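What follows is each chain in one-letter form.
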Amino acid sequence: MHLGVSESMRECEYSQISTRSSTPMETPYKKRTSRKRKWESFPGRSKFYCDGRIMMARQTGVFCLTLVLILVTSGLFFTFDCPFLALQLTTAIPVIGGVLFLFVLGTLLRTSFSDPGVLPRATPDEAADLERQIDVANGSTGYRPPPRTKEVVINGQTVKLKYCFTCKIFRPPRASHCSLCDNCVERFDHHCPWVGNCVGRRNYRFFYMFILSLSFLTIFIFAFVITHIILRSHRNGFLNALKDSPASVLEVVVCFFSVWSIVGLSGFHTYLISSNQTTNEDIKGSWSSKRGKDNYNPYSHGNIFTNCCSALCGPLPPSLIDRRGFIQSDTLQLAPPTNGITMYGATQSQQSHMVSETGSESVTKTSAFRAPNSFCRLPPPLSSSSRPVNQSF
Amino acid sequence: MATEFHNLQELRHSASLETKVFIQRDYTEGTVCRFQTKFPSELDNRIERTLLEETVKTLNSYYVEAEKIGGQSYLEGCLACATAYIIFLCMETRYEKVLRKISGYIQEQNEKIYAPRGLLLTDPIERGMRVVSFTVLSVQLEISIFEDQGSGTSSPSSSSMSSTGSAR
């Protein structure tokens, strides 16, 4: 190999091979023209808009339907019913309706666009450390190690913490992995297609305010459209009233079918908030007394008022994923050697932030050292900024 | 060429001497942010137990303060709800204020206690509040190898090495 190479190299120019970059011909002094933000190499399936300011699920079709329904129904109400009602009854009706409408829109957009409480995936160092601890705890690893769980006692209740194979962390209590968004979310409630996002710790209060205000708005529009039709039919008869304002018919139909589900949902979530449970826990019956005599919810504060206040007025934690931060791309990166020797969990990343770029590389490279169970999950796709690691000496 | 290639492998291996020690979350009090005060055995001869426990306890108390449900948080929550949460665009929440205090505290601890002992404490917020990580600092080797391609002589490639003590 060497003889053949040296002959052809006589024609080539003198060039420096640096171990700092993964492509051998790249000079270390080459400046990056554009810095990437962290959302651009986010490993989950979430979509980002407005340069990382907005975060939503992948499928947003149903969210658009929600938006259209609300805008169209409210628009028709303000255009066709409000003038009549303002004249006949009081101008407070369009004012209150307007305030409600703006509140509904604000809380909907807040719910849909904010980070629900996504837990960032573990850095390779952390993942390696956890794997080592699990291997030590399990003893000798057979071909299939047992499922990874940790038990912890919270307020006298034993809670099982599961290991997430995708995110490589032990999920905190009440966290769950959303398969649609491919993220672990703290205090995971449910994935709502109507808002186009998961509902979790950081946006649950916005979601609750949204459905509550939407129930009021739906009932408000329904009631006043009916009033409008009744008042008109006193004057002109029922059929003429319907002919004069056909939009009202559409509004009544939409509101009639929505009110049951939305009011029902608000009632359900009011119950969940007052007992400090998530939809996930309620569906699974985690704290139901049917499971056992001593089964109770360890997170409840004891009384309804405190539970409600902590869910709605508690402190709002910041986002953990720092979507608009810049990836530190000019730190020392050790290029893995080509003869197949890989270093277990070793990357020279300064901060975990840049691991999102290189982490995907090192995850696949250290796969030889991973427990067989972790092969079940597909490795995250390599980000576009990661360069091929083929080197030739 | 083969010998130099072999040396490069060895140098690469020895260049990654830094180790990281992690302190995991303690969930015995629920979902509140709290870190285990158990002393990790890897740091036995690096730092005194009391100093590390003191740091972790102070961090825990900061997080308790950030997540406290009381008068001020209720006021903040009600005000935010009344303004349809628009106020969050202009105002910094109490949690964010406490996080700034925490990062100042960690910087101070690093300067006074951990850097002199060859350790670096990383702010948990940079690790998604999963762990408090300690990086054991070590000497890093930077290797630049200049391959002689066009001279036509049979001299082997020269290599230059520089060693830097770096905080990573």
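Small disclaimer: the values here were computed from a predicted structure and weren't measured. (Residues numbered from 1 in each chain as written. Chains lettered and ligands numbered in written order. Predicted model: local features only at pLDDT ≥ 70, side-chain atom pairs only at ≥ 80, totals over all residues. Heavy atoms only, no water.)

Some words on the overall build of chain B
1) Next: Along the backbone of chain B there are 4 helices and 5 strands.
2) Next: Traced from its N-terminal end to its C-terminal end, chain B shows the element sequence α-β-α-α-α-β-β-β-β.
3) Next: Looking at chain B residue by residue over its 168 residues, the buried ones come to 45%.
4) Next: Long-range contacts, defined as pairs at least 24 residues apart, comprise 55% of the intrachain contacts of chain B with a sequence gap of at least 6.
5) Next: If you sum the accessible surface of chain B, you get close to 8,400 Å²; carbon and sulfur atoms cover 55% of it. (Helix = DSSP H or I, 4+ residues; strand = E, 2+ residues; numbered from the N terminus. Buried < 20%, exposed > 50% of the residue type's maximum accessible area, 1.4 Å probe, protein only. Contact = heavy atoms within 4.5 Å. Areas by Shrake-Rupley, 256 points an atom, 1.4 Å probe, with all protein chains shown as cover.)

Some words on helix α3 (residues 71-82) of chain B
1) Next: If you check α3(B), its first and last C-alpha atoms are 16 Å apart, about what 12 residues at 1.5 Å a residue would give, namely 16 Å.
2) Next: Among all positions of α3(B), only Ser73(B), Glu76(B), Gly77(B) and Ala80(B) are buried. Buried residues in α3(B), looked at end-on, bunch into an arc of 95°, giving them a common side. Structural note: α3(B) exposes Gly71(B), Leu75(B) and Ala82(B) on the side pointing more than 90 degrees away from its buried face.
3) Next: Lining the buried residues of α3(B) we find α9 (304-313) of chain A together with α4 (94-114) of chain B.
4) Next: Of the residues trailing α3(B), Ala84(B) is marked for its positive phi of about 55°. (Expected span 1.5 Å × (residues − 1). Arc of directions from axis to C-beta.)

What to know about the sheet that holds strand β1 (residues 19-24) of chain B
All names here are of chain B.
1) Next: Across the sheet, 3 strands lie side by side as β1-β3-β2; this open sheet has antiparallel pairing. Taken across any chain shown, the strands that pair with only one partner, and hence form the sheet edges, are β1 and β2 (119-122). Each strand of the sheet is rotated relative to its neighbour by a mean of 20°, with strand direction disregarded.
2) Next: Pairing of β2 with strand β3 (residues 131-136) involves 4 bridges; the strand directions are antiparallel. Residue pairing for β3: Leu-119 is matched across the bridge by Val-136.
3) Next: Of the strands in this sheet, β2 and β3 touch α4, which is tilted by about 170° from β2. (Pairing = 2+ DSSP bridges. Axes fitted to C-alpha atoms, helices over the stretch in contact; angles between N-to-C directions.)

Quick word on the environment of Glu151(A)
All names here are of chain A.
1) Next: Inspection of the secondary structure assignment puts Glu-151 in strand β5 (residues 149-154).
2) Next: The exposure class assigned to Glu-151 is exposed, which follows from its relative accessible area of 53%.
3) Next: Residues Glu-151 and Lys-162, spaced 11 residues apart in sequence, show a C-alpha to C-alpha distance of 8.7 Å.

Regarding a nonpolar patch on the surface
1) Next: Judged by side-chain polarity, Val249(A), Val253(A), Phe256(A), Phe257(A) and Trp260(A) come together as a nonpolar surface patch covering roughly 540 Å² of accessible area.
2) Next: For Trp260(A), the location among the structural elements is in helix α7 (residues 246-274). (Patch = residues over 30% accessible without salt bridge, like charges linked within 9 Å, V, L, I, M, F, W, Y side chains within 5 Å. Salt bridge = Lys/Arg side-chain N within 4 Å of Asp/Glu carboxyl O.)

So, the UniProt feature "transmembrane region" (unreviewed entry) in chain A
Residues and elements named next belong to chain A.
1) Next: Summarizing the sequence annotation, UniProt attributes the feature "transmembrane region" (unreviewed entry) to residues 62-80, 86-109, 206-230 and 250-274 in the numbering used throughout.
2) Next: From the first C-alpha to the last, residues 86-109 spans 29 Å; its make-up is 88% helix and 0% strand.
3) Next: Across residues 250-274, helical content stands at 100% and strand content at 0%; the span's end C-alpha atoms are separated by 36 Å. (UniProt positions renumbered as here; feature names shortened; annotations may be inferred.)

So, the sheet that holds strand β4 (residues 118-119) of chain A
Residues and elements named next belong to chain A.
1) Next: On the basis of which strands lie adjacent, the open sheet formed by 3 strands has the order β4-β9-β8 and antiparallel pairing. Here the strands that pair on one side only, and so sit at the sheet edges, are β4 and β8 (176-178).
2) Next: Relative to strand β9 (residues 183-185), β8 is paired through 3 bridges, and the arrangement is antiparallel. Bridge pairing links His-177 to Cys-184 in β9.

Considering the confidence of the model for chain B
All names here are of chain B.
1) Next: Per-residue confidence for chain B gives a mean pLDDT of 77, with 72% of residues at or over 70.
2) Next: Overall, residues 8-16 carries pLDDT values under 50, and its contacts beyond four positions in sequence, including any with other chains, amount to 24 contacts.
3) Next: Considering only residues more than four positions removed or in separate chains, one finds that residues 152-168, a stretch of pLDDT under 50, has 40 contacts.
4) Next: The ipTM, which scores confidence in the relative placement of chains, is 0.72 for this predicted complex, and the corresponding pTM is 0.74. (pLDDT = per-residue confidence, 0-100.)

Describing the environment of Arg37(A)
Residues and elements named next belong to chain A.
1) Next: Structurally, Arg-37 can be placed in the loop between β1 (15-18) and β2 (47-49).
2) Next: Excluding anything up to four places from it in sequence, Arg-37 contacts Asp-51, Arg-323, Arg-324, Gly-325, Phe-326 and Ile-327.
3) Next: Separated by 3.0 Å, the side chains of Arg-37 and Asp-51 make a polar contact.
4) Next: In this structure the side chain of Arg-37 is engaged in a polar contact, spanning 2.6 Å, whose partner is the backbone oxygen of Arg-324. (Polar contact = N/O pair within 3.5 Å; in protein donor to acceptor, adjacent residues only side chain to side chain.)

Remarks on the packing of aromatic side chains
Residue and element names in this part refer to chain A.
1) Next: One pass over the structure, following the stated rule, counts 18 aromatic pairs over all chains.
2) Next: Judged by centre distance (5.5 Å) and plane angle (85°), the rings of Tyr-163 and Phe-165 are edge-to-face.
3) Next: Looking at Tyr-163, the relative accessible area reads 5%, which means it is buried.
4) Next: Classification of Phe-165 by relative accessible area gives partly exposed; the value is 21%.
5) Next: Connected via pairs of aromatic rings, a cluster forms that spans Phe-77, Phe-78, Phe-101, Phe-220 and Phe-224.
6) Next: Residue placement shows Lys-150 over the ring face of Phe-170; its charged tip is 4.6 Å from the ring centre.
7) Next: In this structure, Arg-187 is placed above the aromatic ring of Tyr-204, and the distance from its NZ or CZ to the ring centre is 5.2 Å. (Phe/Tyr/Trp six-rings, centres within 6.5 Å; stacked < 30°, edge-to-face > 60°. Lys NZ or Arg CZ within 6 Å of the ring centre and 35° of its normal.)

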